[in-house]
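# Report on the structure
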Amino acid sequence: MSTEAALARISVLKPWLGEEEARALAEVLASGWITQGAKVKQFEADFSAAQEVPHAVATSSCTTALHLALVVAGIGAGDDVVVPSLAFIATANAVTYVGARPVFCDVDPATGNVTAETIRAALTPDTRAVIVVDQGGVPVDLDPIRELCDRHGITIIEDAACAIGSRYRDRPVGTWADAAVWSFHEGKILTTGEGGMERVMTCIRAAAGARP
Ligand SMILES: Cc1ncc(COP(=O)(O)O)c(C=O)c1O
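Residues numbered from 1 in each chain as written. Predicted model: local features only at pLDDT ≥ 70, side-chain atom pairs only at ≥ 80, totals over all residues. Heavy atoms only, no water.

### Details of the packing of helix α4 (residues 62-72) against helix α5 (residues 90-97)
Heads up, the rule is: Here, axes are lines fitted to C-alpha atoms. For helices the fit covers the stretch in contact, and angles between N-to-C directions go from 0 to 180 degrees. Per the convention used, a helix needs a DSSP run of H or I reaching at least four residues, while a strand needs a run of E reaching at least two, with both numbered from the N terminus. For classification purposes, angles smaller than 35 degrees are called roughly parallel, those larger than 145 roughly antiparallel, those between 65 and 115 roughly perpendicular, and all remaining angles oblique. Left-handed is the label given to a crossing in which the near helix is rotated counterclockwise from the far helix by less than a right angle, and right-handed is the label when the rotation is clockwise. Contacts are assigned to residue pairs that have any heavy atoms within 4.5 Å of one another.
Closest axis-to-axis distance for the α4/α5 pair is 9 Å, and the angle between their directions is 45 degrees. Relative to α5, the element α4 lies oblique. As for the relative orientation of α4 and α5, their crossing is right-handed in sense. Contact with α4, carried on its side by Thr63, Leu66, His67 and Leu70, involves Ala90, Thr91, Ala94, Val95 and Tyr97 of α5 and no other residues of that element.

### Describing the pairing of strand β9 (residues 196-199)
Quick note on the threshold: Only protein chains enter the area calculation, which uses a 1.4 Å probe; residues under 20% of their type maximum are buried, those over 50% are exposed, and those in between are partly exposed. Here a strand pair is declared whenever DSSP counts at least two bridges between the two strands.
Residues Gly196 and Glu198 of β9 are buried on one face, and the alternating residues Met197 and Arg199, pointing to the opposite face, are buried as well. Here strand β8 (residues 179-183) runs beside β9; their pairing, made up of four bridges, is antiparallel. Each residue of the ladder has a partner; that of Trp182, found in β9, is Met197.

### Examining the packing of aromatic side chains
What counts is decided by this rule: Between rings of Phe, Tyr and Trp, where Trp is taken as its six-membered ring, a pair exists when centres lie within 6.5 Å; planes separated by under 30 degrees are stacked, by over 60 edge-to-face, and by other angles tilted. To sit over a ring, a charge needs its Lys NZ or Arg CZ within 6 Å of the ring centre and within 35 degrees of the ring normal.
By the definition in use, this model includes four aromatic pairs. Ring centres of Phe47 and Trp182 lie 5.0 Å apart, and the angle between their planes is 75 degrees; this geometry places the pair in the edge-to-face category. One end of the pair, Phe47, is in helix α3 (residues 38-51); the other, Trp182, is in strand β8, and 135 residues separate them in sequence. A relative accessible area of 5% places Phe47 in the buried class. Arranged with centres 5.5 Å apart and planes meeting at 85 degrees, the rings of Phe47 and Phe184 form a pair that is edge-to-face. Within this pair, whereas Phe47 is found in helix α3, its partner Phe184 is found in the loop between β8 and β9, the two being separated by 137 residues in sequence. Overall, Phe184 belongs to the buried group, its relative accessible area being 1%. An aromatic cluster is defined as three or more aromatic residues linked by ring pairs; in this entry it consists of Phe43, Phe47, Trp182 and Phe184. We note Arg171 situated over the ring of Trp176; from NZ or CZ to the ring centre the distance is 5.4 Å.

### Quick look at the sheet that holds β8
The strand order across the open sheet built from seven strands is β1-β9-β8-β5-β4-β2-β3, with neighbouring strands paired in mixed fashion. At either end of the open sheet lies a strand with only one pairing partner, and these are β1 (57-59) and β3 (101-105). Looking at each pair of strands side by side, their axes are set apart by 25 degrees on average, direction ignored. Two strands pair when backbone bridges link them, and β1 and β9 are joined in this way by three bridges, in the antiparallel orientation. Among the inter-strand pairings, Val57 is bridged to a residue of β9, identified as Glu198. Packing of α4 onto the sheet brings it into contact with β1, β2 (80-84), β4 (127-133), β5 (155-159), β8 and β9, and relative to β8 it is tilted by some 165 degrees. In the packing of helix α7 (residues 142-152) onto the sheet, the strands contacted are β4 and β5, and the crossing angle to β5 comes to about 150 degrees.

Pasting the structure below:
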């Protein structure tokens, strides 16, 4: 097989859409509920069941979900948020939306992910949160990060944009952080065209003053 033919078969960005998706879309159009509606509610329920989390909230994008997670965590002006130096720009952008400062930390070249050591090197007296990314779907090693962050009262937000279906410690990614977000952009494992999802539970607890 030629290289061109092989590349045509391994299309990482072209969504796999067919008759089933066309039928589902037609049902939505016929219902008249083209933004929020029964399908979104059902999707939230199905997604949270698949991710083994109690609740999930649909958003217009993963970027919106990141923004929301930071707002709910009470992050704002004067706060530092550690983000990976290797990630999609939305991760750092969301930090600026709440007036906080993104502080970039290194990643492990073997996994592309941040580690407790690289986060520790980026901590400042103003660090209030860290956004870890499951780079390309590779689960971040969260246990040592949790240990570090708990010691400093730092909220962990997991950007699992590319990691639907990935697992960590025998559970879907996103279950161990304080909040987790996913993307349904067309280049992701599961797509709705555009869209995101957020697991906010523990973050709400943090915002209420009972920091984990
Ligand atoms: C790691 C990461 N975070 C956030 C996003 C933003 O997702 P969305 O396009 O749904 O806002 C992406 C999109 O590629 C991403 O790869």
